[in-house]
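What follows is each chain in one-letter form.
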Amino acid sequence: MFKIPFIPEQASTFAPNVDHLLYFLLAIAVFFTLLIFGAIFYFAVRYRRRSERELPHVPHGGMALEILWTVIPFGLTMVMFTWGADIFVRESRPPQDAMQIYVVGKQWMWKLEHMEGKREINELHIPVGRPIKLTMTSEDVIHSFFVPAFRTKQDVVPGKYSMSWFQPTKVGKYHLFCAEYCGTNHSHMIGWVYVMEPADYANWLRGGPTGNSLAEEGGKLFQDLACSNCHKSDNSGRCPSLMGVYGSTVKLSGGATVKADEAYLRESILQPNAKIVSGYQPVMPTFQGLVTEEGVLQLVEYIKSLGVQPPAPPPEVAR
Ligand code: CUA
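About the thresholds
Residues numbered from 1 in each chain as written. Predicted model: local features only at pLDDT ≥ 70, side-chain atom pairs only at ≥ 80, totals over all residues. Heavy atoms only, no water. Helix = DSSP H or I, 4+ residues; strand = E, 2+ residues; numbered from the N terminus. Buried < 20%, exposed > 50% of the residue type's maximum accessible area, 1.4 Å probe, protein only. Pairing = 2+ DSSP bridges. Axes fitted to C-alpha atoms, helices over the stretch in contact; angles between N-to-C directions.

Visitor: Before we move on, could you go through unusual backbone geometry and cite the residues and values that matter?
Guide: Omega for the peptide link from Q107 to W108 comes to -5 degrees, which places this bond in the cis form. Topologically, W108 is positioned in the loop between β1 (99-106) and β2 (109-114). The backbone phi angle of N122 is positive, close to 55 degrees, even though this residue is not glycine. Relative to the helices and strands, N122 is located in the loop between β3 (119-121) and β4 (123-127). Even without a glycine there, the phi angle at R151 is positive, about 60 degrees. As for its placement among the helices and strands, R151 is situated in the loop between β6 (143-147) and β7 (152-156). According to the relative accessible area criterion, R151 is buried, its value standing at 13%.

This is the structure:
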């Protein structure tokens, strides 16, 4: 016998919620389909024309009926709305302690990077039971990161960061799809998510070539691109110090303020003149084309690391 998977496996904390809503919508659709078709057949028979000369009886008014068939569908659609909105809001708010993974989509592969520097292509290894937050961008066109077993699907758009999160509940191997038509080999832009026991995940993370962490790579890039010439940690450079900037509120020239999140850092690297920090001149060149999306992610991660660690001691000065 064929086993047709009508519903994918439930492998995240979202899956039961999404499925219950789906069953509710299905039940309503089936109920009204049967009700309407039943009524059509019943009325067709009950009120059929019985003789050539018969004139139809036309009823007027029926306030109770009008109210009934307005209020009930209104109530049902409001339930659909609040239920759906609740799931949507929960899926767009990752918990603070979520494990961060970076995703770059390109024609036609998924590149994934762990904080520890481990990279994967079309495969994602994660531990079971931990909330996972994906920060995603694209190098070319719009892709969509879709893991049916987790009931999460999020567009991955060039020029911005999109976020997706989930908490896997079951060890196993799950399909990863690109769910946005992105060119010739869109249908090959697929992969696997491996949900592992935490100990197995730790082993996996240690195995194979271990490179530098993302933040360390970013730190190197920061030197190589000569960012450090202007962004001095003691604020003596021509550009603002980046110590502790991540998560802070930055005052811009013109009086506006902006929260220094990933999107702001990315924009300031690629379009430095979009937002000028109050008290500074627009002297920074753009790094568009000089640094890849992965490079930008590494720089962002480096800048984030400056916020959580105490600043490095200044180099010894000869007296
Ligand atoms: Cu990438 Cu479709």
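Visitor: Describe the sheet that holds β4, listing the residues and the values that go with them.
Guide: If you trace the five strands from one edge of the open sheet to the other, you get β4-β10-β9-β6-β7, paired in mixed fashion. Edge strands, defined here as strands with exactly one partner in the open sheet, are β4 and β7. The mean inter-strand angle of the sheet, taken between neighbouring strand axes irrespective of direction, is 20 degrees. Where β4 lies against strand β10 (residues 191-196), five bridges are found, and the strand directions are parallel.

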